[in-house]
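Listed below, chain by chain, are the residues.
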Amino acid sequence: RASRPLVQGTVARGQLRDDAYFYTAKLPNNQIGDVMPFPVTAEVLARGQQRFNIYCAPCHSRLGDGNGMIPQRGFRRPPSFHIDRLRRAPVGHFFDVISNGFGAMPDYAAQIPARDRWHIIAYVRALQFSQSAPASLVPAGTQVREPTGPPVQAGRDVTEGAQVEGPRPATG
């Protein structure tokens, strides 16, 4: 069976995409944008973390270092979100990659709705910040343990993979 052809000048219910930036992350001049289309709240970050852990962590790992279970099984390793190139990339770059794929990464437009793609991007930015924040922003009384492994990169206050110990926010 085939679908009926669309009636000219109509839009199917739920398919009106009147905010082009929200669905493409591109500005009117076709450049990639670098602003979130809505305010980033704790709820946005929580949803982004949830979606990231489902769709992204298998390859990128929960730390975003590109060492997820899929590359550990011999598949191509994705780049770490913590490299300078991706820390400087506009948010629209991430939206475009999630939507259209890049290199070995397939597109996820069919699996992840546009709003959830933006939530994931907000979480990726928070993840990037958490791994490169200056020590001056760590709350007083919180101890930061340096990771074990290769030498610490010069000029960084908090290194990739560092684990923070201290008071945890109440949940519930």
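Look a little higher up for the structure.
None of the values given here were measured: they were computed from a predicted structure. (Residues numbered from 1 in each chain as written. Predicted model: local features only at pLDDT ≥ 70, side-chain atom pairs only at ≥ 80, totals over all residues. Heavy atoms only, no water.)

1. Concerning the overall build of the protein
No. 1: Counting secondary structure elements, the protein contains six helices and two strands.
No. 2: Its helices and strands in sequence order give the protein the pattern α-α-α-α-α-α-β-β, from N to C terminus.
No. 3: Here the protein holds 172 residues, and 30% of them are scored as buried.
No. 4: Considering only residue pairs separated by 6 or more positions, the protein has 49% of its internal contacts joining residues 24 or more positions apart.
No. 5: Accessible area for the protein stands at about 11800 Å²; split by element, carbon and sulfur atoms hold 54% of it. (Helix = DSSP H or I, 4+ residues; strand = E, 2+ residues; numbered from the N terminus. Buried < 20%, exposed > 50% of the residue type's maximum accessible area, 1.4 Å probe, protein only. Contact = heavy atoms within 4.5 Å. Areas by Shrake-Rupley, 256 points an atom, 1.4 Å probe, with all protein chains shown as cover.)

2. Overview of the side chain of Thr-142
No. 1: Note on placement: Thr-142 falls in the loop between α6 (114-132) and β1 (143-145).
No. 2: A relative accessible area of 17% places Thr-142 in the buried class.

3. Quick look at the pattern of salt bridges
No. 1: Within the structure shown, the criterion is met by two salt bridges.
No. 2: In this structure, the salt-bridge partner of Arg-47 is Asp-116, at a minimum N-O distance of 2.8 Å. Placement of Arg-47 in helix α2 (residues 42-60) and of Asp-116 in helix α6 is noted, with a sequence separation of 69 residues between them.
No. 3: Accessibility expressed as a relative area gives 31% for Arg-47, which makes it partly exposed.
No. 4: Between Asp-84 and Arg-87 there is a salt bridge, with the nearest N and O atoms lying 2.7 Å from each other. One end of the pair, Asp-84, and the other, Arg-87, are both in helix α4 (residues 84-88), three residues apart, so they sit about a helical turn from each other.
No. 5: Looking at Asp-84, the relative accessible area reads 42%, which means it is partly exposed. (Salt bridge = Lys/Arg side-chain N within 4 Å of Asp/Glu carboxyl O.)

4. Notes on the packing of α2 against α6
No. 1: Between α2 and α6, the least distance of the axes is 7 Å, while the angle of their chain directions is 95°. Put simply, α2 runs roughly perpendicular to α6. Here α2 contributes Val-44, Leu-45, Arg-47, Gly-48, Gln-49, Arg-51, Phe-52 and Cys-56 to the contact with α6, which in turn contributes Asp-116, His-119, Ile-120, Ala-122, Tyr-123, Val-124, Ala-126 and Leu-127.
No. 2: For the contact of α2 with α6, the residue count by class is ten nonpolar, three polar and three charged. (Axes fitted to C-alpha atoms, helices over the stretch in contact; angles between N-to-C directions. Parallel < 35°, antiparallel > 145°, perpendicular 65-115°, else oblique. Nonpolar A, V, L, I, M, F, W, Y, C, P; charged D, E, K, R; others polar.)

5. Some remarks on unusual backbone geometry
No. 1: In this structure, Asn-30 takes a positive phi of about 70° despite not being glycine.
No. 2: What makes Asn-30 exposed here is its relative accessible area of 56%.

6. Concerning the state of the cysteines
No. 1: The tally for this structure, following the rule as stated, stands at zero disulfides.
No. 2: Unpaired in terms of disulfides, Cys-56 finds its nearest cysteine sulfur in Cys-59, a separation of 8.9 Å.
No. 3: We classify Cys-59 as partly exposed; its relative accessible area is 30%. (Disulfide = S-S within 2.5 Å.)

7. Concerning α2
No. 1: The first and last C-alpha atoms of α2 sit only 22 Å apart over 19 residues, clearly below the 27 Å expected at 1.5 Å per residue.
No. 2: In α2, a bend of some 50° at Asn-53 exceeds every other bend along the element.
No. 3: Residues of α2 that are buried include every one of Val-44, Gly-48, Arg-51, Phe-52, Cys-56, Ala-57 and His-60, and no others.
No. 4: Check the buried side of α2 and you find it contacts α6.
No. 5: Of the residues flanking the end of α2, it is Ser-61, one or two places downstream, whose phi is positive at about 70°. (Expected span 1.5 Å × (residues − 1). Bend = angle between axes of the 7 residues up to and from the residue.)

8. Details of the nonpolar core
No. 1: Ranked by internal contacts, the top residues of the largest apolar core, which has 25 residues, are Phe-52, Phe-94, Trp-118, Ile-120 and Ile-121.
No. 2: Among the secondary structure elements, those contributing two or more residues to this core are α1 (20-24), α2, α5 (91-100) and α6.
No. 3: The biggest single contributor to this core is α6, with eight residues.
No. 4: Discounting chain neighbours no more than four positions away, the residues touching Ile-120 are Gly-48, Arg-51, Phe-52, Cys-56, Ile-98 and Ile-112. (Core = buried A, V, L, I, M, F, W, Y, C linked by side-chain atoms within 4.5 Å.)

Any functional reading would require information that these geometric values do not contain.
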